[in-house]
Amino acid sequence: MQPWLVATLAAGVAIPAFGMFLRYRRDLNAAFARLAAVDRHVISTRWGAVEYAERGSGDPVLVVPGIFQNCVGGLFSVRDFSDRRFIAPSRFGYLGSSMPPSATPAAQADAFAALLDALGIDRIDVIGESAGATSALQLALRHPERVKHLAVLVGNLPGSPTAVVQPSLAKLFNRQLPLWVLWTFAPAMMIRLVAGLPKGFAMSREDMRFVTEFIDSLFPVSPAGVDFDAFVSNADVNDYNLEAITVPTLIVHTKDDQIASHEASKRAAERIPGARFVSLESGGHLMLGQMKIVRDELAGFFAERRDRRAEPVAS
């Protein structure tokens, strides 16, 4: 082969690869810039560092974010809510929070209690989202005196397809570069995977904007935290004694969620004494188009007195 042809072929490969590298660096820098724009704090506990971010004022709400999400993503998930002080921790292995040896959702719940101690908060309303539901449930089971109300949104609950140990092959894909490649070059597939939408779901312009910003908020990826969810935390929920939960509980789920199970949420609500179940017709795993309903349900639920627990409702 002629030297000039070898050089031409090499350039044909190197130039696009270099361009992709520059794009990757640009997008990663943008992700770190988003993090830098949020005032994050770290406390020291027996489980190592626990990072959190907060915004707003009023009665506090602990927001426990789902898989791939850190404290900044937790605040993003409630950005349309107001009149409350939202506190979002980064769970074990995410961003600035440590991954303690032999970590468990029970230990994560204890770390949440330590965070409340550090913030001088005696009792708090709690929102557990998706994979964050596991440690939120543990907080209610282990520290019921600290939880005013527990709300679980599209949660990882016993019997859900999410409540399993992922195959080891998942470690090859649940990493920053593969996910960035998917988001950059196959965005429709990434949206389907993350938003849990059924085929044919028609997203509005506002839906598309929210999903885009949500996926952007998943970067930078925290492999240790993702692995904890995929291989330890998610499946742990199957062994929980939900009948022992004594705090007022609200569970909300969409019927067309393609990630976590609507039926599993309904069964969980039937097991938790006095729990209320709100079934939403559509919206997928991100509850697209349902935020006003969810916001109103949470506001009404959090306003209820502890001794006036809601009666169960059918879907």
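Within each chain, residues carry numbers counting from 1 in the order of the written sequence. Totals for whole chains, interfaces and linings use every residue, but because this is a predicted model, local features are given only for residues with pLDDT of at least 70 and side-chain atom pairs only at 80 or more, for both listing and counting. Water and hydrogen atoms were dropped before computing side-chain values, which therefore reflect all heavy atoms in the structure.

Student: Before we move on, can you summarise the layout of surface pockets with the specific residues and values?
Tutor: To find the voids left in a structure, one rolls a probe of water-molecule size over its atoms. In this model, the largest pocket occupies a volume close to 1000 Å³. What lines the largest pocket is a set of 40 residues, among which Ile67, Phe68, Leu193, Val194 and Ile259 lie closest to the centre. Elements supplying a minimum of two residues to the lining of the largest pocket: α5 (170-173), α6 (176-185), α7 (187-195), α8 (205-216) and α9 (223-236). Under the DSSP-based scheme used, a helix requires at least four consecutive residues in state H or I and a strand at least two consecutive residues in state E, with every element numbered from the N terminus. The element best represented in the lining of the largest pocket is α7, accounting for 4 residues. Gly is put with the polar residues, along with every residue not named as nonpolar or charged; the nonpolar set is Ala, Val, Leu, Ile, Met, Phe, Trp, Tyr, Cys and Pro, and the charged set is Asp, Glu, Lys and Arg. Tallied by class, the residues present in the lining of the largest pocket amount to 27 nonpolar, 11 polar and 2 charged. Two kinds of site are reported from a 1 Å grid over the protein atoms alone, namely cavities, where a 1.4 Å probe fits but cannot get out, and pockets, open sets with protein on both sides within 12 Å along at least five of seven lines, and residues are called lining when an atom falls within 4 Å of a point. Grid points are joined across faces, edges and corners, and a volume is the space filled by probe spheres set on the points.

Student: Before we move on, could you go through the sheet that holds strand β2 (residues 48-55) and cite the residues and values that matter?
Tutor: The 8 strands lie next to each other as β1-β2-β4-β3-β5-β6-β7-β8, forming an open sheet whose pairing is mixed. Each having just a single partner strand, β1 (40-45) and β8 (276-280) make up the two edges of the open sheet. If you compare each strand with its neighbour and ignore which way they point, the axes differ by 25° on average. Inspection of the sheet shows strand β3 (residues 60-64) paired to strand β5 (residues 124-129) by 4 bridges, in the parallel sense. Residue Val63 lies in a different strand from β5, and its bridge partner there is Ile127. Its contacts with the sheet put helix α4 (residues 133-142) on β3, β5 and β6 (147-153), and the angle it makes with β6 is roughly 155°. What makes two strands pair is DSSP finding at least two bridges between them. The convention used is that axes are lines fitted to C-alpha atoms, helices contributing only their stretch in contact, and that angles between N-to-C directions extend from 0 to 180 degrees. Any pair of residues with heavy atoms lying within 4.5 Å of one another is described as a contacting pair.

Student: Residues and numbers for the packing of aromatic side chains, please.
Tutor: Stacked, tilted and edge-to-face are the three classes assigned to paired rings of Phe, Tyr and Trp, where Trp is represented by its six-membered ring and a pair needs centres within 6.5 Å; plane angles under 30 degrees give stacked, over 60 edge-to-face, the rest tilted. Counted under the stated rule, the structure contains 8 aromatic pairs. Relative to Trp180, the ring of Tyr24 has its centre 5.1 Å away and its plane inclined at 80°; by these criteria the two rings are edge-to-face. Within this pair, whereas Tyr24 is found in helix α1 (residues 3-36), its partner Trp180 is found in helix α6, the two being separated by 156 residues in sequence. The rule is short: NZ of Lys or CZ of Arg within 6 Å of the ring centre and within 35 degrees of the ring normal puts a charge over the ring. For Arg23, the ring lying beneath its charged end belongs to Phe185, and the centroid distance is 5.7 Å. Directly above the aromatic system of Phe231 lies the positively charged group of Lys171, at a separation of 5.3 Å from the ring centroid.

Student: Account for the nonpolar core, naming residues and giving values.
Tutor: Judged by nonpolar contacts, the single largest core of 42 residues is most densely connected at Leu62, Ile87, Val126, Leu137, Leu150 and Ile251. Residue contributions to this core peak at 8 residues, all from helix α3 (residues 105-119). With near-sequence residues (within four places) excluded, Leu62 lies in contact with Ile87, Pro89, Phe112, Leu115, Ile124, Asp125, Val126, Ile127 and Leu139. Here, nonpolar core means buried Ala, Val, Leu, Ile, Met, Phe, Trp, Tyr and Cys residues that are tied together by side-chain atoms lying within 4.5 Å of each other. Only protein chains enter the accessibility calculation, which uses a 1.4 Å probe; a residue is then buried when its area is under 20% of its type maximum, exposed when over 50%, and partly exposed in between.

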